[in-house]
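Coordinates in review
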Amino acid sequence: MAENKSHKPGEEKLTLEQYQICRLKGTEPAFTGKYWNHKEPGTYQCVCCEAMLFRSQDKFDSGSGWPSYIRPFIEDAVKEVIDESHGMRRVEVVCKSCGAHLGHIFPDGPEPTGLRYCINSAALNFTKDVSK
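Residues numbered from 1 in each chain as written. Predicted model: local features only at pLDDT ≥ 70, side-chain atom pairs only at ≥ 80, totals over all residues. Heavy atoms only, no water.

**Re the side chain of arginine 116**
The condition that has to hold: The helix count covers DSSP runs of H or I at least four residues long, the strand count covers runs of E at least two residues long, and both are numbered beginning at the N terminus. Under this definition, polar contacts are N or O atom pairs within 3.5 Å; protein pairs additionally need one hydrogen-donor-capable and one acceptor-capable atom, and for neighbouring residues in sequence, both atoms have to be side-chain atoms. Should any heavy atoms of two residues lie within 4.5 Å, those residues are considered in contact.
Summarising the element assignment, arginine 116 is placed in strand β8 (residues 116-119). At a separation of 2.8 Å, a polar atom in the side chain of arginine 116 contacts the side chain of aspartate 108. Each residue touching arginine 116, except ones within four places of it in the same chain, is listed here: Phe60, Ser62, Ser64, Ser68, Tyr69, His104, Ile105, Phe106, Asp108 and Gly109.

In C-alpha cells, the structure reads:
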C-alpha cells in the first residue's frame, strides 16, 4: 500500500489507509481488517504512537467484522469522545496518548463489562506474547 506523504512527526510511517482511519476518522470495511478474526495471544498497540491499547484476552467475536474488546489494556489507555456525525450519536474511541481515531464503543458487549470496543484493524499493531 502507498505510504502517506504527511510531514507531521510519526505520521510518515502510516499507510494511506491508516492515515485515513486514524487522522481523518475513517472506517475500514467490515471483515477486511487483518485483526477482525485474529486469535493469537498478545497485545494490540496504537499504530501511530505504539501505546498499549488492548489485550487478546479481552477480545471477543462480536460478529460485527471488526476487532472487538470488552475493555482497554488499562482504563485510561483510550479516551471517549461524543461523535454526532452521520446523523447519529455514538461514542468514539481515540488513543489517549496521540488522539488517533480507533473506532467506537457500544453498550452491547458481553459480561463482565457489557461493552464492545469496536476497533479498526488499521489503527492497531500486534505484538505476540512469546511466553505462551
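**Overview of the nonpolar core**
Heads up, the condition is: In these notes, a set of buried Ala, Val, Leu, Ile, Met, Phe, Trp, Tyr and Cys residues joined through side-chain atoms within 4.5 Å is what counts as a nonpolar core. Only protein chains enter the calculation, and the probe is 1.4 Å; a residue is then buried if its accessible area is under 20% of its type maximum, exposed if over 50%, and partly exposed in between.
Judged by nonpolar contacts, the single largest core of 24 residues is most densely connected at Leu53, Phe54, Leu102, Tyr117, Ile119 and Leu124. Those elements that place two or more of their residues in this core are α1 (16-22), β1 (42-46), β2 (52-55), β6 (90-95), β7 (101-106), β8 and β9 (124-128). Discounting chain neighbours no more than four positions away, the residues touching isoleucine 119 are Glu28, Phe54, Trp66, Pro67, Tyr69, Val93, Leu102, Gly103 and Leu124.

**Some details on the environment of aspartate 83**
Structurally, aspartate 83 can be placed in strand β5 (residues 78-83). Residues aspartate 83 and valine 93 lie 10 residues apart in sequence; the distance between their C-alpha atoms is 9.4 Å. The residues contacting aspartate 83, other than those within four sequence positions of it, are Met88, Arg89, Arg90, Glu92 and His104. Of note is the side chain of aspartate 83, whose polar atom sits 2.7 Å from the side chain of histidine 104.

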